[in-house]
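Structural overview
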Amino acid sequence: MNTASRLKVLAGKKLTDLAPAELAAALAAAEHVLVDVGTGDARTAYRQAVAHPGWLVIGVDPAWQRMTETAVRAARKPAKGGAPNLVLVNAAIEAAPTALHGVADEVTVLMPWGKLLRGVVLGEDDVLAGLRAVAKDGAPLEVSIGTSIWRDPVPLEIRDLPELTPDSVKSTGLADRLAAFGWQIVDVRLVPHTELETISSSWARRLGSGATETVLHLRAVAVDPGGPVRPDQTADETGDDATGEPERGA
Ligand SMILES: C[S@@+](CC[C@H](N)C(=O)[O-])C[C@H]1O[C@@H](n2cnc3c(N)ncnc32)[C@H](O)[C@@H]1O
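Scope of this entry: the structure provided in the associated data block. (Residues numbered from 1 in each chain as written. Predicted model: local features only at pLDDT ≥ 70, side-chain atom pairs only at ≥ 80, totals over all residues.)

A word on the overall build of the protein
- Scanning the protein for helices and strands turns up 8 helices and 9 strands.
- Out of the 250 residues belonging to the protein, those deemed buried represent 42%. (Helix = DSSP H or I, 4+ residues; strand = E, 2+ residues; numbered from the N terminus. Buried ≥ 20, exposed ≤ 12 C-beta atoms within 10 Å, placed from the backbone.)

What to know about the pairing of strand S7 (residues 140-146)
- Most of S7 is tucked away, with 7 of its 7 residues classed as buried.
- As judged from the 7 bridges shared by S7 and strand S9 (residues 215-222), these two strands associate in the antiparallel manner. Pairing of Ser144 across the sheet is with His217, part of S9. (Pairing = 2+ DSSP bridges.)

Details of helix H5 (residues 125-134)
- For H5, the tally of buried residues reaches 7 of 10 residues, placing the bulk of the element in the interior.
- Of all the residues in H5, the buried ones are Val127, Leu128, Gly130, Leu131, Arg132, Ala133 and Val134.

Thoughts on the pairing of strand S3 (residues 32-37)
- The element S3 is largely enclosed, with a buried count of 5 among its 6 residues.
- The pairing of S3 with strand S6 (residues 106-110) spans 4 bridges and is parallel. Counterpart to Val35 in the pairing with S6 is Val107.

A word on the packing of helix H4 (residues 114-122) against H5
- Orientation of H4 relative to H5, taken along the N-to-C sense of each, is 95°, at an axis distance of 8 Å. With respect to each other, H4 and H5 are oriented roughly perpendicular. Between H4 and H5, the contacting residues are Leu116, Gly119 and Val120 on the first element and Asp126, Val127 and Leu128 on the second.
- For the contact of H4 with H5, the per-class residue count stands at 4 nonpolar, 1 polar and 1 charged. (Axes fitted to C-alpha atoms, helices over the stretch in contact; angles between N-to-C directions. Parallel < 35°, antiparallel > 145°, perpendicular 65-115°, else oblique. Contact = placed C-beta atoms within 7 Å. Nonpolar A, V, L, I, M, F, W, Y, C, P; charged D, E, K, R; others polar.)

Observations regarding unusual backbone geometry
- Cis geometry is adopted by the peptide bond preceding Pro153, which originates at Asp152 and carries an omega value of -5°.
- Structurally, Pro153 is set in the loop between S7 and helix H6 (166-171).
- In this model, Ala42 sits at a positive phi of 65°, which is unusual for a non-glycine residue.
- Tracing the sequence through the fold places Ala42 in the loop between S3 and helix H2 (43-51).
- On the basis of neighbour counts, which here come to 29 C-beta atoms within 10 Å, the residue Ala42 falls in the buried class.
- Positioned with a positive phi, Met111 is a non-glycine residue whose angle comes to about 50°.

Thoughts on the environment of Val37
- Here Val37 shows up in strand S3.
- Taking the C-alpha atoms as reference points, Val37 and Gly59, separated by 22 residues in sequence, lie 6.1 Å from one another.
- Residues contacting Val37, with those up to four places away along its chain left out, are Val60, Ile93, Val107, Thr108, Val109, Leu116 and Leu131.

Considerations on the environment of Pro97
- Within the element layout of this structure, Pro97 appears in the loop between strand S5 (86-90) and S6.
- For the pair formed by Pro97 and Lys8, sequence separation is 89 residues and the distance between their alpha carbons is 8.9 Å.

So, the environment of Ala19
- As for its placement among the helices and strands, Ala19 is situated in the loop between strand S2 (14-17) and helix H1 (20-29).
- A C-alpha to C-alpha distance of 9.6 Å links Ala19 and Lys8, two positions 11 residues apart in sequence.

Take a look at the structure:
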């Protein structure tokens, strides 16, 4: 097995290879496959897995040590809080293992930072291609970015990033770059802190109810790369409610 096809997953506190047959069986049994990219401590992915036992939830993050606490919890018996339908993968999305290609019915990127944030904000080829690679045709992509990162003191590593707004998504050419990699935008909006509970993210929760965070929420759908952009396509066609907001478990 070469490195690209190998799936390094958390088994409790340790990294191990997930056998292809085991992944295939889990995918075949799942009614819905959610891939949460930049899953961090994986608590959000865990909550989704527990709320939807028929789903397979795959958290992806190169910082695997951050996922260990959740991995230990998920490995328990279901009656004791275990989540056998949660798989936590040690990988960066720009090097998404081939085993994950084309598996996702839904892709989420919640409160990214580092390479993932840069890749999404600048529309970098490797990150957009990696996100598209894991998605099935027609799968929605939900990206949520806290806009406070663009307020002083702006972290050094993102000072050169343009602030993402519903307008700048078009004016900076990001919408075109997404389309070139097979992501057609269907909705971009600013979600005020009063509605933050609609976004299930450990990071958003950590901001707390008193925070004045506004979150940029971008929703796209997986289409043919470089295929014709259909401005008439609405969120309704992707099977979601009119608000474009994801329905999240608690
Ligand atoms: C602020 S944390 C957010 C965690 C989680 N999504 C949440 O909302 O609680 C951002 C995560 O993005 C991950 N990340 C950064 N670059 C990445 C990349 N290239 N591919 C996948 N994940 C990445 C980081 O390791 C980090 O865990």
